[in-house]
Structures are given as C-alpha cells and as structure tokens.
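# Examination of the molecular architecture
Residue strings, one per chain:
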Amino acid sequence: MKSYEIKLNSPEETMETAARLGEHLQAGDVITLEGDLGAGKTTFTKGLAKGLHIKRVVKSPTFTIIREYQGRLPLYHMDVYRLEDSDEDLGFDEYFEGEGVSVVEWAHIIEEFLPEDRLDIVIRRSGDEERELTLEPKGERFYRLCEEFMNESFSD
C-alpha cells in the first residue's frame with residue numbers, strides 16, 4: 001500500500017494536523033508512532049486528543065506505560081519504550097479491540113502484539129521546529145482514512 005508524506009513547520013502545526021486526523025478516528029483504531037526522542041510523538045498525540053474532544057492535559061506515559069483519557073472516544077496512550085527487553089503482554093489486545101483509540105509510541109518494540117490493520121506514523125525532525133510525517137496505512141480502513149484525510153486537509 002502507498003504511504004503519505006506531510007511536511008509541518010511548527011509544533012502547533014503538528015498538533016493541528018493530528019487534531020484533524022483525530023476527528024476521523026473511530027473505536028478500535030490503532031495508531032503507531034515512531035521517531036527519535038524529541039521528534040514530536042507526544043505533541044502529535046496531544047493533537048489527536050484534541051480531535052477526540054479530550055479536555056485533560058495529555059502527558060507522556062513513559063513511566064506508567066499506558067494513560068487513559070476520556071473524550072468523544074477513549075484514548076489509550078501507550079509508551080512501550082521501557083518494555084524493550086521484555087516479552088510481557090500487558091493485555092494490549094483488550095485496548096486494541098476496545099471502545100477507544102490506541103496510540104502506541106515506540107510500537108516496533110511490541111510488534112508481535114500489534115493488530116495487522118493499523119496506521120503507522122513515522123515522525124522525523126527536519127529542522128528545529130519542522131517535522132516530516134509519513135503515514136503508512138495497513139489495511140483497507142486506514143488506506144481509506146488516509147485518502148480522505150489527505151484530500152480534506154492538504155488539497156488546494
């Protein structure tokens with residue numbers, strides 16, 4: 001399947017783009033986020049939360065592994081970085097198949113637990129404030145979501 005590239009010029013633009021994407025999400029959707037430390041994974045998740053009408057401040061779940069937020073849909077924000085040398089299953093499928101949206105930072109670490117259908121997003125720094133997003137849909141639902149999102153958000 002094809003991938004989609006988005007260039008962003010600021011953290012605010014990153015959050016706004018993610019908020020627009022969040023408006024398209026539905027229960028059971030899984031979004032994976034990859035990128036170096038400081039690339040903007042949590043900033044992107046804050047934007048998704050805005051698009052899901054979540055009012056609470058979204059913080060990185062680095063030390064808690066999973067944080068839950070309530071909005072239009074629940075948001076399950078996971079940072080699995082600390083599970084790198086572990087084969088522990090924390091019941092991920094209950095989240096992935098649940099009534100909310102799961103966002104997984106450092107998702108490659110739990111690849112074997114991830115559903116086949118999902119939206120993989122890679123965030124790269126291209127300057128102090130600039131970021132490049134690559135959206136890689138896995139499965140028909142996410143391919144259609146990306147097509148719709150890109151046509152709505154980035155066609156002039």
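Attention in this report is confined to the structure presented alongside it.

What counts and what doesn't
Residues numbered from 1 in each chain as written. Predicted model: local features only at pLDDT ≥ 70, side-chain atom pairs only at ≥ 80, totals over all residues. Heavy atoms only, no water. Phe/Tyr/Trp six-rings, centres within 6.5 Å; stacked < 30°, edge-to-face > 60°. Helix = DSSP H or I, 4+ residues; strand = E, 2+ residues; numbered from the N terminus. Buried < 20%, exposed > 50% of the residue type's maximum accessible area, 1.4 Å probe, protein only. Pairing = 2+ DSSP bridges. Contact = heavy atoms within 4.5 Å. Axes fitted to C-alpha atoms, helices over the stretch in contact; angles between N-to-C directions. Core = buried A, V, L, I, M, F, W, Y, C linked by side-chain atoms within 4.5 Å.

## Quick look at the packing of aromatic side chains
Within the structure shown, the criterion is met by three aromatic pairs. Relative to Tyr-95, the ring of Tyr-76 lies with its centre 5.0 Å away and its plane at 70 degrees, an arrangement referred to as edge-to-face. Of this pair, Tyr-76 sits in strand β4 (residues 75–79) while Tyr-95 is found in helix α3 (residues 92–96), placing the two residues 19 residues apart along the sequence. Tyr-95 shares its class with Tyr-76; the two are buried. An angle of 15 degrees between the planes, with centres 6.0 Å apart, marks the rings of Phe-92 and Phe-96 as stacked. Highlighted residues: Phe-92 and Phe-96, both in helix α3, separated by four residues, approximately one helical turn. Summarising the burial analysis for this pair, Phe-92 and Phe-96 share the class buried. These aromatic residues form a ring-pair network of at least three members: Phe-92, Phe-96 and Phe-113.

## What to know about the pairing of strand β1 (residues 4–8)
Here β1 shows one buried face, formed by Tyr-4, Ile-6 and Leu-8, and one open face, formed by Glu-5 and Lys-7. Note: β1 against strand β7 (residues 131–138), five bridges, orientation antiparallel. Each bridged residue has a counterpart across the sheet, and for Leu-8 the counterpart in β7 is Arg-131.

## Structural notes on the environment of Leu-133
Relative to the elements of secondary structure, Leu-133 occurs in strand β7. Separated by eleven residues in sequence, Leu-133 and Val-122 have C-alpha atoms that sit 5.7 Å apart. Those residues in contact with Leu-133 that lie beyond four places of it in its chain are Tyr-4, Glu-5, Ile-6, Leu-8, Thr-17, Phe-44, Ile-121, Val-122 and Ile-123.

## Some words on the sheet that holds strand β3 (residues 66–69)
Hydrogen bonds between backbone atoms are what pair the strands of a sheet, whose relative direction is either parallel or antiparallel. The sheet built from seven strands is open, its strands ordered β1-β7-β6-β2-β5-β4-β3 with mixed pairing. Looking at which strands have only one partner, the edges of the open sheet turn out to be β1 and β3. Strand-to-strand twist of the sheet, defined as the mean angle between neighbouring strand axes without regard to direction, takes the value 20 degrees. Where helix α1 (residues 11–22) meets the sheet, its contacts fall on β1, β6 (118–125) and β7, and the angle it forms with β1 comes to roughly 140 degrees. Here helix α2 (residues 41–51) sits on the sheet in contact with β2 (30–34), β4, β5 (101–105), β6 and β7, set at roughly 170 degrees to β5.

## Side note on the nonpolar core
Within the largest apolar cluster, 30 residues are counted, with the highest numbers of intra-cluster contacts made by Phe-44, Leu-119, Ile-121 and Leu-135. Looking at this core, the elements that each hand over two or more residues are β1, α1, β2, α2, β5, β6, β7 and α4 (140–154). Element by element, the count of residues in this core is highest for α4, at five residues. Not counting residues within four places of it along the chain, the set of residues in contact with Phe-44 comprises Thr-14, Ala-18, Leu-21, Leu-33, Ile-121, Ile-123 and Leu-133. Counting residues in hydrophobic clusters, the runner-up holds 15 residues, among them Val-30, Ile-66, Tyr-76 and Met-78.

## Observations regarding the environment of Phe-142
Structurally, the position occupied by Phe-142 is in helix α4. For the pair Phe-142 and Arg-118, spaced 24 residues apart in sequence, the C-alpha separation works out to 6.5 Å. The contact partners of Phe-142, leaving out residues within four places of it in the chain, are Asp-29, Val-30, Asp-117, Arg-118, Leu-119 and Pro-137.

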